Every structure is written in structure tokens, then in C-alpha cells.
Amino acid sequence: MSIHAVSKDRLIEWLGDGKELAILDIRSAEEVGYASPLFATNLPAERLEAEIDRFIPRPVVRTVLVDDGSGRAQQAAERLAAKGWSDIHFLRGGIPAWIAGGVDALPTFDIPGVPFVQKIRREKNTPVVFARELKAWQEAGEDVVVIDTRTIAEYEKAHVPGAIGVPGAELLLRFSDLVPSSKTRVVVSCAGLPRAILGAQTLIDAGVENDVSYLHEGTRGWTDDGFELETGRSQTYPPASDDAKDIAKARLETFSGDDDLLFIDRPTVETWLRDKTRTTYFLDVRTPEEFAASHLEGSISSEGGQLLGVAYRTIAVRGARVVLVDDLLGARARVVAHWLKRRGFEIALHLHDFEQDVEAAAA
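None of the values given here were measured: they were computed from a predicted structure. (Residues numbered from 1 in each chain as written. Predicted model: local features only at pLDDT ≥ 70, side-chain atom pairs only at ≥ 80, totals over all residues. Heavy atoms only, no water.)

If you had to explain the packing of aromatic side chains to someone new, which residues and values would you point to?
Considering all chains together, one arrives at three aromatic pairs under this definition. Taking the centre distance of 5.6 Å and the plane angle of 80 degrees together, the rings of Phe39 and Tyr312 count as edge-to-face. Here Tyr312 lies in the loop between α15 (304-310) and β13 (317-318) and Phe39 lies in the loop between α2 (29-32) and β3 (41-42), a separation of 273 residues in the sequence. By relative accessible area, which is 9% here, Phe39 ends up buried. The buried category is assigned to Tyr312, whose relative accessible area is 2%. Here the guanidinium or amino end of Arg62 rests over the ring plane of Trp14, the centre of that ring lying 4.9 Å away. One cation-aromatic arrangement involves Arg343 over Phe116; the distance from NZ or CZ to the ring centre is 5.3 Å. (Phe/Tyr/Trp six-rings, centres within 6.5 Å; stacked < 30°, edge-to-face > 60°. Helix = DSSP H or I, 4+ residues; strand = E, 2+ residues; numbered from the N terminus. Buried < 20%, exposed > 50% of the residue type's maximum accessible area, 1.4 Å probe, protein only. Lys NZ or Arg CZ within 6 Å of the ring centre and 35° of its normal.)

I'd like a rundown of the pairing of strand β2 (residues 21-25), residues and numbers included.
Both faces of the sheet carry side chains from a regular strand, because those side chains alternate between them. The buried fraction of β2 amounts to five of the five residues, a majority that puts the element mostly inside the structure. Neither face of β2 is open: one carries Leu21, Ile23 and Asp25, the other Ala22 and Leu24, and all of them are buried. Of the pairings in the sheet, the one linking β2 to β13 comprises two bridges and is antiparallel in character. Across the sheet, residue Ala22 finds its bridge partner in β13, namely Val317. Pairing analysis gives four bridges linking β2 to strand β4 (residues 63-66), with the strands arranged parallel. Following the sheet pairing, Ala22 is matched in β4 by Thr63. Here β2 runs beside β3; their pairing, made up of two bridges, is parallel. Counted as the bridge partner of Asp25 is Asn42 from β3. (Pairing = 2+ DSSP bridges.)

I'd like a description of the nonpolar core, backed by residues and values.
One finds Leu48, Ile56, Leu65, Leu203 and Leu324 to be the most contacted residues of the largest nonpolar core, which totals 78 residues. If one sorts the elements of this core by residue count, helix α16 (residues 331-342) sits on top with seven residues. For Ile56, the residues in contact, after removing those within four places along its chain, are Ala22, Leu24, Val61, Thr63, Trp85, Tyr281, Ala316 and Val317. If you look at the next biggest cluster of nonpolar residues, it comprises 20 residues, including Leu21, Val66, Leu106 and Tyr312. (Core = buried A, V, L, I, M, F, W, Y, C linked by side-chain atoms within 4.5 Å. Contact = heavy atoms within 4.5 Å.)

So, in C-alpha cells, the structure goes:
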């Protein structure tokens, strides 16, 4: 099977032609960082063959490998072609060729999180609080709760003192258990901007009565003002109570009642997954712990909060269909679908009674 070098100009054309396209940046995670400038899926060369099926379910998808200009992408493409990948390419010159002449006018594979949420912030006028203000409130003993919307692993590494770890997609489901009083000020934090702004705006759009804002620059803003961060699993969300679920259900109607969401049954899911002409992702947006306890065959654990901020780390095929899996309430899936639809993703939801599955397994 032959492979082909793709020029910068050709890749720009492909990024705009509306057809399915996968781009894998095969450099190391340290070199890629936050995935700039392409905002493509990072799958380091040493893990490529073992993990590519997770990111690109169909080997016929037009796929471009990108490296640091060393030639590793061509070598990797040759190996994949030998294994049956029939439309495999590599970017001539790699990232150095891509960024030659500047990046301001270049398209990206995914919409970077920061520009997207900045647009949301301008549109919604999302309230903001600075670290020194929050610090003063805490020292004065005011009724304020800080919610960190990153993954629990990120939260454990370092967070604002006293913050509660609640990944972004879990906010509406867990909120009333964590903040029972409408008088409590709520400050939403992350490491920078995207997940904090989306988290705060989700709560506001869902109609919570609290004074909600996001922490400017998150943990970075906290340390920039000279304050120390806290480490470890200080406080995270508990299991959602029945009351919290009932309140979340009502707030979801306010939040996503006009979203025109597509709900599909299991036979439709199976038909889509067998479709040889389209790529479909079957992503379980519940917590990793829930997925481990019970999940649907063929689904992939993809924590909803991560999809909100960095969808490209999971969804490597541009133009693919995305099916979000959740429990019967669907609180996580509805939040993720609301924001991803605004970013142009084709989204469907599949809700399933996982509690019944767990009970049946225990019987």
C-alpha cells in the first residue's frame, strides 16, 4: 500500500473540505503541550500502533501523521499502511513546515478551547472574580464555595485552598448537594480559562440562584497573585442524592430544553457503529469509576468534563458522529452535548439504566 506526503497547502484544503479527516500529532506529549498550533490529537509514535484503533475506529479514514520534521511520521505511516491503513499520509516537513511564516492565519483541526470560551464570555458576559478578591472573602469567613472543574487527577496535583473537585460535566448533577444554600457565593476554577468559564456559564444558564463567577486565570491567577496552592484530594463530590438528581432534572430543562437533542436507541447505535461510510464515536461521559462498575460493550470511557475543554484529545476524526452515553437522567451528556453542538459536532445521546445492570450483576 502506497503512502503520500501532504503539503501544507493541501492539508489546509483538507481541513476545509468537510470530509472525514484524522490528524495525529505523533510527537511526545511534552513537546506537544496544549496541542498548539494544529490542535490535533496527540498520540506519540511509540504508542501509535497499539492505540490508534481507539482514536480512529476505521482504517479507511483519511489520516495524516505529523511529526517534528524528523521523518518519523513517514516511517510510522509506512508501518500503518502495511497493517491495512488505506488512506494514510504524512505532513511534509512536519510542524516546522506548518508554522513557517506564522500561525495566525492557519486553520486548526479543532476549535481551540480558549477562543471558543472567550466568545461565550463576551456573548454571555460571564462574571469574573480575581484571586485577591476570593482570598479576601475566604479570610473574612464569607459564605463562598470554590469548585474546581478539572479532572480529579489534575485537582489533586494543585488547587485553590478549600476548593471542591467537581469535573465540569458533573456540575449540574452534583450542585445542590455541594451548595445547598442559594445565598452561597460560587466561584468556578480550573488551571486557566476554558473549563472555568464553561462551568460558571453552565450553572448560570441552568438558573441556579447563587451568585456565580469564574476565577480569573484559575490556579495560575492564584499563584500569580502570590498565594499558595493546596495539593491532594482535599474534598471531592459525593454520590448524588435523590434530591440532587430531582433538582438537576429541573435545571436541565432550563439549560438544554431548546437544544433539539437527538436521542437514539441501542439498535440505532449498533447500526451506526457498523456503518462502513461514517465514523461513529461511542463515548461514555460518566465518571471513570461508574464506567468501571458497568458500561456498554463497545463504548469508550471519555469523561465529559474533558470533552468540554479538549475534545481533540479523544475525537480524532473531523466530521465524525459522536454518541454520548449516560445514565437515564442524562445530566452529563446533556451538558456536554449543549456545548459541543455549538462547536459544530454532530451529537446524539444514548441513555441507559446502569443501576439496573449493577443490581443484576450483584444478584
